[in-house]
Structures are given as C-alpha cells and as structure tokens.
Amino acid sequence: MEGILAFMQELRLFERIALYTVLAIAVLGLLYALFLRAQVLREPKGSEKMQDVWNAIRIGADTYLRRQLRTILPFVAILTAVLFLSVYIVPPTPEAQERFSGLNESQLRLAIGLGRSLAFVMGALFSLSVGQIGMRMAVQANVRVADAARRSFGESLKIAYRAGTVTGMLTDGLGLLGGTIIVIIFGIASPDVLLGFGFGGTLVALFMRVGGGIYTKAADVGADLVGKVEAGIPEDDPRNPAVVADLVGDNVGDVAGMAADIFESYEVTIVAGLILGIALWQITGHFEWIIYPLLVRGIGVMSSIIGTYAVRGGPGKSGDAMRAIFTGYLTSAAISVVLFGILAYLYMQDVPGGWWRPFLATAIGVLLAISIDRLTEYFTSSHGAPVKEIRKATSTGPATTILSGIAVGYESSVWAILVIATTLFSSILLFGAIPGVAPAESITFILYGVAMTGIGMLTLTGNNVAMDSYGPIADNANGIGEMAWQESDDPDIVQAKEIMADLDAVGNTTKAITKGVAIGSAVIAAVALFGSYVVDVSRAQEILGVPLAEQIRSIGIRIDAPLVFVGMLIGASLPWLFSSFAINAVSRAASLIVEEVRRQFSLGVLEGLIEPDYTQPVAIATTAAQKELLPLAILGVITPIVVGLVLGIEALGGFLAGIIISGQLLAVFMNNAGGAWDNAKKTIEDEPSDPAKNTGKGSERHFASVVGDTVGDPMKDTAGPSLNPMIKVANLVAVIIAPIVVQYAQLGVVGWLVVAALVALLVWAISRSKRPAPEINLQEAPASD
C-alpha cells in the first residue's frame, strides 16, 4: 500500500536504527521469557502427593482460562467490527490524509479502519496472552517452589521470582513490540491506530481483572467462612472442599488479572506518549518527541533483565526475601535512570527546552514508582506501624479491627494522591514555561511530560509484574506444602514450611505494592489520556472549521460551566457504583460456595467418611465469575458514551476528571486497607497458639483478624484493582468517541435512538448487578476440631 513505511524514510539514520533496535529489544525480552521458562521447568516437582495437589490446581486453572476465553472472544469480535465502522462516521484526520496522500478518501478510510480494528485485536490478544501464559507459568512454578524449599531459601526464592519474571518479560516485550510496529507502519497517522491497540488491551484487562477478582475472592471468602470461622480448621486444610478453588483463585486474580492490568497500563502510557509526541512534532517539527518514548521503553526492558540477577536469597535455610526483591528493583531503577540521562543528552539536545526536561520527566516517573512502592509497603507490611495498630485492635474484637483498617486505608489514600499530585506538578514546572512556546501550546508540552512520567514509572514493568506474580506463586507453594506435608514432623519438612510461610508473607506485601503501582500508573495514564482527549477534540473541531480561539485547547474545560460540573459528578460517582456491584458479585458467588462447602461437610468430609470434591467449588466460582463480569464491563464502556452524546464534549471532559480523582482515592483506600487487614491476620497466625494469653490461631484475636481479612479480601483483590482498567477504559472510550461527539453535537432522531438503546443496556447491566444473593440455608455450624 502506498505510504506504508514512508515514515521511516523521513527519519535520520540514527532514528531508523534506533527504532529497529527497539524492535529487537522487544523480541529479546520475549526470548528471555522463554529462557527463564525453560529454567523453571527443569526444576523437580516434588513428591507424588505434592503433584496430586498441584494437578488439582492446574486442572482448575485450565478450566477457568478456557471458560474465560469463551466469554471474552465474542465481545472482542463485536467491538472489532464497531471500531472498523467508526472511521466511516467522521472524516479522516489531516495527519492520515498527509500520511497516505496517494489514496482516495474511500481507500484511506479502509486503511485506517483496518489498522485500528487489527490493532484492537492485537492489543486484545497480547493482553490475553500475558494473562493466560503468565498464569500457566505461575501454576507450573508453584509446586517446584515448594519442593525447592526443602533444600534452601535462596533456591525457592529464585524459582518463584524468575517464574514471575516470565510474565514480566511478556508484558514488556509484547507491549513494546505492538507500539513500535504501529509507529513504523503508520507514522504520524499512528494515533488513530494506537487508540485501537490501547483499547484492546485495556478492555481485555478489565474482563480478566474483574472476572479474576470475583473468582478469587468468592473462593477465598467461601473457604474461610465455612472452613476457618465455622469449622475451625486451618487455612489450606485438605478437608476443605473449597481449598483448591482458593489456590486457583490466587493465580486467576493476582497473575492473570494483574498481569493483564499492568500490561494495559504499559500500553496506554505509550499510546498517550506517542499521541502527544506526534502533537509536539506538529508544533515543533522535531521527531525526537515521537522516538524518545520508545527508546526509554527499550532501556527499561534491558534494565529489568539485568535486575533479575540481583535477586538472590543465599544458600541457607533463611533470608530476607523482601530485601532481595527490592535490591533487584533498585538495581534496575539505577541502570534505567543513568541510561535515560545518556540517551536524552545525546538525542534530545535540539528540542525546545533542552534535553534535561524529558530526562527529568522519566527520572521522576521512576522515583514515583519507588515512592509508591515504599509508601504501600509502610501501610501494608507486617513490620509497619499501621499493621501493628490493627493487630493491637484485634484485642477488642472485630469491630475495632475493621475501624482500624478503615482508618489506615483512608490515610494511605491521602499520601498516595499527594505523591501523584507532586509528580504532576513537577511536569508543570518542567514544561510549563519553555522559552518560545506559546501559552496555548504549553498544555501539550505539560501533558507530554505527564505521559513521560508514566512511561518512566512503568519502565520497571518487568520487575513490577515479577513481584506481583511472585506473591501467588509463593502462596500456592505454601498451600501445596500445607496439604501435602500436613502429617509430617520431619525436621526438613518443618524447616521447609517455615521457609514457605516467610515467602508467603512477603508475597502478600509484594502483591499490595504492585497494586499500588498499578493504581498510580492508572492515574498517570488517565491524565495523559486526558491530554490526548484534548488533542483529539481540538483536531476534530479544527476539521469542522471551529476558530482556534473557540477550540477546547484554547478555552480549556471550564469547571464553572454547569454541564461540566454535572459530568464531573457523574464521573466521580461511577467508581463507587462499580465497586458496589463488584463486591456484591463476590457476595453472591461466595454464597454459592458456602452452600456447597456446608453440603459436603454435612456428608462427613470433616470426619473422613468421604473425600472432598474439589471440582464443584471450582466449577461454581468459574461460572459465577463469567456471569458477573459482563454487566460491570458494560458499565465502564457505555457510561462515557452516553455522557458524551447527551451532555456534550466539555461535560465528557468533566466526567473524565471526576472518574480519575474519585477512582484513585477509592482504589488506594480499598487496596491498602485490605492488605493491612490481611497481614495483621498473618502476624497473629505466626504467634504461638495459647488460649490463656489470647494469642495465635484459634484465639479471639485471631477470629477478629479473620473477620477483618474477610471484609478486606473483595476490597483489595476485586473492587480496588478492577478500578484501574475501568478508569482507563472510560478514558480510551472518551478519546475514541470524541470526534463523533464533536461532529454530532446536535443529535437527530437516529442519535437519540442510539442513546435510548445504550441507556437500556445500562439499565439491564445495573439491574443484573443489583439482583439479590441466593438464600443460604441456615444451619448449625459444624463443631470445631
């Protein structure tokens, strides 16, 4: 096709070589993932009993992944067609016309439509691949980590972390590969196509995050309520029919869901950076703004690979896993910042404002990731003062335990948003007063700085995803050990159990840290996308002949305009409604598992009269999760379309501002409160059990901590993390429909019919999400052992 790859000819030799080098680095990241996978799979899988438990987890995970695929693919197919047809509603952009100057209008629409829809499919498939392959890798690793614990602490840590790094490298490699290919092929017309790529990854992440969150917490809550609270049996007791579903759920939520979540943040920040980079190229004529984000991402991949080898636990039977993991993280961060500086100095000398501005923006992003990492660890780690305060509150019962956790969550949200606000303010200081830049254009420079901060923040994506996947791998390994070694008093097995308990406790913190980074990156990405929204709206207004003085980039989105404020209120309320429905979904699904576990207990599972049937809770959680996720996805996709069509383009901008601010505060609150409750429970479980002193498992303090943990579970593992992709889905949908909203500001009969159909779909989704939980047959709780 005429015009394809012509963009490359416009670049300098260094830039062409650099882009192809970035492609090679993306492929290298994928090859490194294969290398680590082969390393992990060479490790032994342990005893036959361990493999029996592992096999049950593996079958349950495969069942869920197959069912999830059947749910997602039809939705992807429908939206692929919608995205292809959307290019026929609005005229092509001037950039697309310039890029493909040899095509007539019909051919141009076909080229952009195919590009956007195929990019959407590519983004969706990449996101699916990261989640599904990453989860299967985690399942393969858990039994090997448990077996390695019998030999040394360092070996089990190495296997767990490197298995997680497989998912991290998939995220890095595929995200960088997709964005670079699109830029090479479409050049300055990339924004139309990049939006499809980002939307595909984000939509699938929403499905995987919501579905995985519902599954994991339905299984966890159901297993804990009947097993630990009613029957008084230990966590991961093999007599609990829901224990395998619970172990599968750790992988479903914290590997498949979170990996897809971080992947789409990785995608969205590069999409926003490239869109704003192209806008700055139009202003300044410098291609550096477009190429620099891709080169930064390439550096990040190499730094993450090197950082993997800094994670060492030592040959002994004990060690500090958190210290080892954070050492690897800091190693990658230091390498990245140094190379960012060298790259900017050598390549960005000629851009307006100088090389140091884009360098500092990316360096501040790395600092933001480290700050959120430390902040989240403080509020959720078992060694931090907040968790110790919650642990102290358990002495006076469940009510004070819950109140203490809520207070921790509220406070942590404030500090997290102040860190992010400081980061955004730094972009204003860096890019807000560049000599020679007109005030109307400075906003684009500032938002580019925000996008580069997000790109810098997610430079360490390989490390972040490895930390996250490490958590469920260690948790599953600990569960396999508990179930397979329950009766053993062999000193080596006892030592292995202690190693696994230590790794599991650190995994709790790493999961919370990764969620904190994911939430922070979601806000930065959403703000950068907000900049893309302003750029796209201004471009659409320019095509329609709106004078510059009346375009949105000149007048801004005025908060004093009543319609804008209405949009902001609706946007601010959506995360709360979404979270309510997500937690209700967990409640409904958990009720079904509670019924099933009680039914099996009544047949004599606890007494050993029959073997527990692990497959039934797995099937119940899988089916419930897939049924519940569709209404929640509809809520995130349809609401911004209705707001834009009914209230207009400025109100839609207000909607985006509201959803970003409200969603960030709520997500951090739920994530950190839930993580703190969880670790407070674990610290009590690590105490010697003594009823007289009210310590350890089975004590009243333990009961209070279990209640707090059960309340926090759907907050930190379902509703909170699901807000990340929901915020970005809403932002991407707004950017995609912005030209349509501008062109059809006055709705005709057809427009109002479309709005009516969308509202009806929203009403269906809300009514389905509000249906009551099934009735639970009340019965006397089984006697404690």
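Please read these numbers as outputs of a predicted model, since none were measured by experiment.

Draft legend 1. Just the overall build of the protein chain, in detail. Assigned secondary structure in the protein chain consists of 22 helices and 0 strands. Dimensions of the protein chain, computed from the C-alpha atoms along their principal axes, are close to 80 × 55 × 45 Å. Burial statistics for the protein chain: of 785 residues in total, 64% are counted as buried. Within the protein chain, contacts between residues at least 6 apart in sequence are counted, and of these 86% link residues at least 24 apart. For the protein chain, the computed accessible surface area is about 26,600 Å², with 65% contributed by carbon and sulfur atoms. Of the side chains in the protein chain, 52 bear a positive and 67 a negative charge, and the two mean positions are spaced by 3 Å.

Draft legend 2. Spotlight on the environment of Gly507. Locating Gly507 in the fold gives a position in helix α16 (residues 491–543). Gly507 gets classed as buried once you look at its relative accessible area, which sits at 0%. Sequence-wise, Gly507 and Ala369 are 138 residues apart; in three dimensions their C-alpha atoms are separated by 18 Å. Not counting chain neighbours up to four residues away, the residues in contact with Gly507 comprise Tyr470 and Gly471.

Draft legend 3. Highlighting the packing of aromatic side chains. The final tally for this structure, using the stated rule, is 15 aromatic pairs. Ring plane angle 55° and centroid distance 6.3 Å describe the contact between Tyr32 and Tyr309, whose orientation is recorded as tilted. Of this pair, Tyr32 sits in helix α2 (residues 13–41) while Tyr309 is found in the loop between α9 (288–308) and α10 (321–347), placing the two residues 277 residues apart along the sequence. A centroid spacing of 5.1 Å and a plane angle of 80° characterise the contact between Phe75 and Phe207, whose relative ring orientation is edge-to-face. Taken together, the residues span a long stretch of sequence, with Phe75 in helix α3 (residues 48–86) and Phe207 in helix α7 (residues 190–230) at a distance of 132 residues. You can call Phe207 buried: its relative accessible area is 1%. Pairwise contacts between aromatic rings join Tyr32, Phe35 and Tyr309 into one cluster. In this arrangement the basic side chain of Arg297 is found over the ring face of Tyr266, its NZ or CZ atom lying 3.9 Å from the centre. When the ring centre of Phe326 is taken as origin, the NZ or CZ atom of Arg374, which lies over that ring, is 3.6 Å away.

Draft legend 4. Representation of α7 within the structure. In this model α7 runs 57 Å from its N-terminal to its C-terminal C-alpha over 41 residues, within 8% of the 60 Å that 1.5 Å per residue would give. A bend of about 30° at Asp224 is the largest found in α7. Most of α7 is tucked away: 39 of the 41 residues are buried. After α7 finishes, the residue Gly232 shows a positive phi value of roughly 70°.

Draft legend 5. Examining empty space enclosed by the protein more closely. Under the defined criterion, the tally for this structure stands at 5 cavities of 30 Å³ or more. Estimated volume of the largest cavity: approximately 180 Å³. For the lining of the largest cavity, the secondary structure elements donating two or more residues are α7, α8 (243–284), α16, α20 (649–685) and α21 (700–743). The residue makeup of the lining of the largest cavity, split by class, is 1 nonpolar, 1 polar and 17 charged. What the second largest cavity holds in volume is close to 80 Å³. Every residue along the wall of the second largest cavity is listed here: Ile372, Leu375, Thr376, Ala416, Ile420, Gly516, Gly520, Gln664, Val668, Asn671 and Asn672. Those elements that place two or more of their residues in the lining of the second largest cavity are α11 (356–380), α13 (398–431), α16 and α20. Among the elements that take part in the lining of the second largest cavity, α20 stands out by supplying 4 residues, more than any other. Looking at side-chain class alone, the lining of the second largest cavity contains 5 nonpolar, 6 polar and no charged residues.

Draft legend 6. Main features of the packing of α7 against helix α18 (residues 562–602). Where α7 contacts α18, the two axes come as close as 7 Å, and the packing angle between them is 40°. Overall, the two elements α7 and α18 adopt an arrangement that is oblique. Classified by chirality, the crossing of α18 by α7 is right-handed. Residues of the contact of α7 with α18, tallied by class, amount to 17 nonpolar, 3 polar and 3 charged.

Draft legend 7. Summary view of unusual backbone geometry. The phi torsion at Asn694 lies on the positive side, around 60°, for a residue other than glycine. Secondary-structure assignment places Asn694 in the loop between α20 and α21. Looking at Asn694, the relative accessible area reads 21%, which means it is partly exposed.

Draft legend 8. Representation of the side chain of Arg209. You can see Arg209 is positioned in helix α7. In contact with Arg209, not counting residues within four places along its chain, are Gly253, Asp254, Gly257, Met258, Asp261, Asp717, Pro721, Ser722 and Pro725.

Draft legend 9. Molecular detail of the nonpolar core. Leu157, Phe199, Tyr215, Tyr292, Tyr470, Leu503 and Tyr533 are the most contacted members of the largest nonpolar core, which has 254 residues in total. Looking at which element gives the most residues to this core, the answer is α8, with 25 residues. Those residues in contact with Tyr470 that lie beyond four places of it in its chain are Leu157, Ala160, Tyr161, Ala321, Ile325, Leu503, Val506, Gly507 and Thr510. Formed by 5 residues, the second largest nonpolar core is a distinct cluster that contains Leu103, Leu108, Ala111 and Ile112.

Draft legend 10. View of the environment of Leu732. With respect to the secondary-structure elements, Leu732 resides in helix α21. Here the alpha-carbon distance between Leu732 and Ala148, two residues 584 residues apart in the chain, equals 44 Å. Leu732 has contacts with Leu195, Gly198, Phe199, Thr202, Val268 and Leu529, leaving out every residue within four places of it along the chain.

Draft legend 11. Main features of α10. When the terminal C-alpha atoms of α10 are compared, their 39 Å separation across 27 residues agrees well with the 39 Å that a helix rising 1.5 Å per residue should span. The residue sitting at the N-terminus of α10 and contributing the capping side-chain oxygen is Asp320; that oxygen lies 3.3 Å from the backbone nitrogen of Met322.

Draft legend 12. Examining a nonpolar patch on the surface more closely. On the surface, Leu85, Tyr88, Leu110, Leu114 and Leu118 cluster together to form a nonpolar patch covering roughly 470 Å² of accessible area. Its location among the elements puts Tyr88 in the loop between α3 and α4 (94–99).

Draft legend 13. Structural context of the confidence of the model for the protein chain. A residue-level look at the protein chain finds 94% of positions with pLDDT of 70 or above and a mean pLDDT of 86. Below pLDDT 50 for its whole length, residues 778–785 participates in 12 contacts with residues either more than four positions away or in separate chains.

Draft legend 14. Region of the structure containing the pattern of salt bridges. As enumerated under the stated definition, the model contains 27 salt bridges in all. Glu264 serves as the salt-bridge partner of Lys728, at 2.8 Å between the closest nitrogen and oxygen. Of this pair, Lys728 sits in helix α21 while Glu264 sits in helix α8; the two residues are 464 residues apart in sequence, bridging distant segments of the chain. With relative accessibility at 0%, the residue Lys728 sits in the buried group.

Cut-off values and rules
Residues numbered from 1 in each chain as written. Predicted model: local features only at pLDDT ≥ 70, side-chain atom pairs only at ≥ 80, totals over all residues. Heavy atoms only, no water. Helix = DSSP H or I, 4+ residues; strand = E, 2+ residues; numbered from the N terminus. Buried < 20%, exposed > 50% of the residue type's maximum accessible area, 1.4 Å probe, protein only. Contact = heavy atoms within 4.5 Å. Areas by Shrake-Rupley, 256 points an atom, 1.4 Å probe, with all protein chains shown as cover. Lys, Arg positive; Asp, Glu negative; His and termini not counted. Charge placed at Lys NZ, Arg CZ, Asp CG, Glu CD. Phe/Tyr/Trp six-rings, centres within 6.5 Å; stacked < 30°, edge-to-face > 60°. Lys NZ or Arg CZ within 6 Å of the ring centre and 35° of its normal. Expected span 1.5 Å × (residues − 1). Bend = angle between axes of the 7 residues up to and from the residue. 1 Å grid on protein atoms, 1.4 Å probe; cavity = no way out; pocket = protein on both sides within 12 Å on 5 of 7 lines; lining within 4 Å. Points joined across faces, edges and corners; volume = space filled by probe spheres on them. Nonpolar A, V, L, I, M, F, W, Y, C, P; charged D, E, K, R; others polar. Axes fitted to C-alpha atoms, helices over the stretch in contact; angles between N-to-C directions. Parallel < 35°, antiparallel > 145°, perpendicular 65-115°, else oblique. Left-handed = near helix turned anticlockwise from the far one by under 90°. Core = buried A, V, L, I, M, F, W, Y, C linked by side-chain atoms within 4.5 Å. Polar contact = N/O pair within 3.5 Å; in protein donor to acceptor, adjacent residues only side chain to side chain. Patch = residues over 30% accessible without salt bridge, like charges linked within 9 Å, V, L, I, M, F, W, Y side chains within 5 Å. Salt bridge = Lys/Arg side-chain N within 4 Å of Asp/Glu carboxyl O. pLDDT = per-residue confidence, 0-100.

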